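The primary structure of each chain is shown beneath.
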Amino acid sequence: MLRITAIARGEVQGVGYRYFVTGCARSTGVTGYVKNLPDRSVQIVAEGEPMALDAFVQMVKADGDMVIRVDALTATIEEASGEFTGFGVKW
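The model shown is predicted, which means the values in this text are computed figures rather than measured ones.

Rules behind the numbers
- Residues numbered from 1 in each chain as written.
- Predicted model: local features only at pLDDT ≥ 70, side-chain atom pairs only at ≥ 80, totals over all residues.
- Heavy atoms only, no water.
- Salt bridge = Lys/Arg side-chain N within 4 Å of Asp/Glu carboxyl O.
- Helix = DSSP H or I, 4+ residues; strand = E, 2+ residues; numbered from the N terminus.
- Phe/Tyr/Trp six-rings, centres within 6.5 Å; stacked < 30°, edge-to-face > 60°.
- Buried < 20%, exposed > 50% of the residue type's maximum accessible area, 1.4 Å probe, protein only.
- Lys NZ or Arg CZ within 6 Å of the ring centre and 35° of its normal.
- Core = buried A, V, L, I, M, F, W, Y, C linked by side-chain atoms within 4.5 Å.
- Contact = heavy atoms within 4.5 Å.

(A) Focus on the pattern of salt bridges. Following the criterion strictly, the structure yields four salt bridges and no others. A salt bridge links Glu83 to Arg3; the shortest N-O distance between them is 3.1 Å. Residue Glu83 is found in the loop between strand 4 (69–79) and strand 5 (87–90), and its partner Arg3 is found in strand 1 (residues 2–11); the two are separated by 80 residues along the sequence. Between Arg69 and Asp71 there is a salt bridge, with its nearest N and O atoms 2.8 Å apart. One salt-bridge network, held together by shared partners, links Arg3, Glu47 and Glu83.

Here's what the structure looks like:
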């Protein structure tokens, strides 16, 4: 299992992006959280099998969405901690 910590930049706050990401996580079976950051970006921490994480990352780019616009998604990869049992929104 691996862990991805990503930062999404663009039109990602105030447009339902955190809930969109939560749906992507449920669809792919990854665990972790999504959280708004003060600089108007969104942090995503996700753990799962490599193929599930690849699918998740592609989905959270929100290509073609009419409201959400992800201009940049930067991610780091490391070993999973196994600390998550599900996926949720952090405040």
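(B) The arrangement of the packing of aromatic side chains in detail. Applying the stated criterion across every chain, the model contains three aromatic pairs. Between the aromatic rings of Tyr17 and Phe20, the centroid separation amounts to 6.2 Å while the plane-to-plane angle is 20°, which identifies the pairing as stacked. In this pair, Tyr17 and Phe20 both sit in helix 1 (residues 17–28), three residues apart, roughly one turn of the helix. Residue Tyr17 is classed as buried on the basis of its relative accessible area, which comes to 0%. With a centroid separation of 5.9 Å and 65° between ring planes, the pair formed by Tyr33 and Phe84 is classed as edge-to-face. Of the two residues, Tyr33 sits in strand 2 (residues 31–36) while Phe84 sits in the loop between strand 4 and strand 5, which places them 51 residues apart along the sequence. Accessibility assignment for this pair places Tyr33 and Phe84 in one class, buried. Sitting above the plane of the Tyr33 ring, Lys90 keeps its charged end 4.1 Å from the centroid.

(C) Structural context of the nonpolar core. With 23 residues, the main nonpolar core has Tyr17, Val21, Val30, Ile44, Phe56 and Phe87 as its most contacted residues. Mapped onto this core, the elements with two or more residues apiece are strand 1, helix 1, strand 3 (42–48) and helix 2 (50–60). With residues up to four places along the chain from it excluded, the contact list for Val21 reads Val34, Ile44, Phe56, Val60 and Phe87.

(D) How the structure looks around the environment of Gly48. Note that Gly48 resides in strand 3. Along the primary structure Gly48 and Arg3 are separated by 45 residues, whereas in three dimensions their C-alpha atoms are 6.7 Å apart. Each residue touching Gly48, except ones within four places of it in the same chain, is listed here: Met1, Leu2, Val30 and Leu53.

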